[in-house]
Amino acid sequence: MTHVMACIDGSPQAAAVGDCAVWASQRLGAPLTLLHVLDRQQYPVSGDLSGIIGLGSREFLLHELATLDEKRAKLALEEGRLLLDAARQRAIAAGSAQPECRQRHGDLVETLYELQDETRLLVIGRQGEDSGDAIRHIGSQLENVIRALHRPILVTPGSFEVPRSVMLAFDGSATSHKGVEMLAASPLFSGLPIHLVMVGAETDDARAQLEAARDRLSASGFEAHVAMRNGEVEPALHAYQAEHGIDLLVMGAYGHSRIRQFFVGSTTTGMIRTTNTPLLLLR
């Protein structure tokens, strides 16, 4: 069975990640897994000091360093367990029946890639605990996670509120058409109005694609709205979101070709950085 996987760490976003994951797991009817990864890059093995430390003191110092590393690792593991326990208690209080807790030691991206077959939806914060206080800063590993995984990824800002409306950034690409199909088939947004917004020149073909996408959602029981906007992608999408009080954004993630990766990748990164609401990225 595939799970809603929530990345829990010591960052300010952790509570929002947990709350968002509980909401998603309940909507999808999927089990919730709370995951904490102790990144080995934060706790490296001591280097070889044989060239700079005399023979008499080297063994003693290396022993002390090894002992210190072991203590640091144990403390970090215990901190992770406490974070997971707090997230689990918060999830239970929010109505999650049996959230599972997992703790791994290794690389975050590699760990999530290994768990990909068990993941239906990944929920992760925009910033990790090592990202500092910059509000618009993207976590150092978030882009790598998005590029590596081929699963929907729900990125949360610092707070989470239950969505009442959804906007899909529609550009006529295969990814956006796939996004329409995913929204039509998924219970995640059941009962919520969906806005399909295309930024660009209003051509007959573009309008036809928008209307076909709207009809597909309407046939699945959604209240669907379409709109076309001119201008730069990010400001236009944010302006529409503000006008209509959109609570959650959906868009395609990074492309694979060099040209598409540059164009879509830059837009994706910009939207992650500037949005104040959760952003669901589709692959």
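In short, a report on the structure. (Residues numbered from 1 in each chain as written. Predicted model: local features only at pLDDT ≥ 70, side-chain atom pairs only at ≥ 80, totals over all residues. Heavy atoms only, no water.)

**With respect to the packing of helix 5 (residues 174-185) against helix 6 (residues 204-219)**
- Where helix 5 contacts helix 6, the axes come no closer than 9 Å and their chain directions differ by 15°. The orientation of helix 5 with respect to helix 6, classified from their angle, is roughly parallel. In the crossing of helix 5 with helix 6, the sense of the turn from one axis to the other is right-handed. Residues H177, V180, E181, L183 and A184 of helix 5 touch helix 6, and the partners they reach there are Q209, A213, R216 and L217.
- Considering only residue class, the contact of helix 5 with helix 6 consists of five nonpolar, two polar and two charged. (Axes fitted to C-alpha atoms, helices over the stretch in contact; angles between N-to-C directions. Helix = DSSP H or I, 4+ residues; strand = E, 2+ residues; numbered from the N terminus. Parallel < 35°, antiparallel > 145°, perpendicular 65-115°, else oblique. Left-handed = near helix turned anticlockwise from the far one by under 90°. Contact = heavy atoms within 4.5 Å. Nonpolar A, V, L, I, M, F, W, Y, C, P; charged D, E, K, R; others polar.)

**A closer look at the side chain of Q241**
- The residue Q241 is located in helix 7 (residues 233-244) in this model.
- On the accessibility criterion, Q241 (9% relative accessible area) is buried. (Buried < 20%, exposed > 50% of the residue type's maximum accessible area, 1.4 Å probe, protein only.)

**Things to note about the sheet that holds strand 10 (residues 279-282)**
- One open sheet accounts for 10 strands, arranged 3-2-1-4-5-10-9-6-7-8; its pairing is mixed. Looking along the sheet, the strands with just one partner apiece sit at the ends: strand 3 (100-106) and strand 8 (224-229). Strand after strand, the sheet turns through a mean of 25° between neighbouring axes, direction not considered.
- By the bridge criterion, four bridges tie strand 6 (residues 166-169) to strand 7 (residues 194-199) in an arrangement that is parallel. When the bridges of strand 7 are listed, V166 appears paired with I194.
- Helix-sheet contacts for helix 5 involve strand 6, strand 7, strand 9 (248-252) and strand 10, and the interaxial angle to strand 6 is about 155°.
- This element, helix 7, spans strand 6, strand 7, strand 8 and strand 9 of the sheet and lies at about 150° to strand 7. (Pairing = 2+ DSSP bridges.)

**Looking at the packing of aromatic side chains**
- Evaluation of the coordinates by the stated rule reveals two aromatic pairs.
- Where W23 meets F160, the ring centres are 5.9 Å apart and the plane angle is 50°; that geometry is what we call tilted. Residue W23 is found in helix 1 (residues 14-28), and its partner F160 is found in the loop between strand 5 (153-156) and strand 6; the two are separated by 137 residues along the sequence. For the pair shown, W23 and F160 are each scored as buried.
- Members of the aromatic cluster, each reached through a chain of ring pairs, are W23, F160 and F189. (Phe/Tyr/Trp six-rings, centres within 6.5 Å; stacked < 30°, edge-to-face > 60°.)

**Things to note about helix 1**
- Compared with an ideal rise of 1.5 Å per residue, which puts 15 residues at 21 Å, helix 1 spans 21 Å between its outermost C-alpha atoms and is within 8% of the ideal.
- Counting buried positions along helix 1 yields 11 of 15 residues, so the element is predominantly enclosed.
- Every buried residue of helix 1 is accounted for by A14, A16, V17, G18, C20, A21, V22, W23, A24, S25 and L28.
- Positive backbone phi, at 65°, marks G29, one or two positions downstream of helix 1. (Expected span 1.5 Å × (residues − 1).)

**Brief notes about the nonpolar core**
- Counting residues in each nonpolar core, the largest one holds 44 residues, and the members touching the most others are V4, F189, L217 and L280.
- Element by element, the count of residues in this core is highest for helix 1, at eight residues.
- Formed jointly, this core draws a minimum of three residues from each of two domains, domain 1 (3-41 + 78-156) and domain 2 (166-281).
- The residues contacting L217, other than those within four sequence positions of it, are V180, L183, A184, I194, L196, F222 and A224.
- Listed in part, the 30 residues of the second largest apolar core include M5, L142, A169 and M251. (Core = buried A, V, L, I, M, F, W, Y, C linked by side-chain atoms within 4.5 Å. Domains from an automatic or database assignment.)

So yeah, pure geometry; function would need other evidence.
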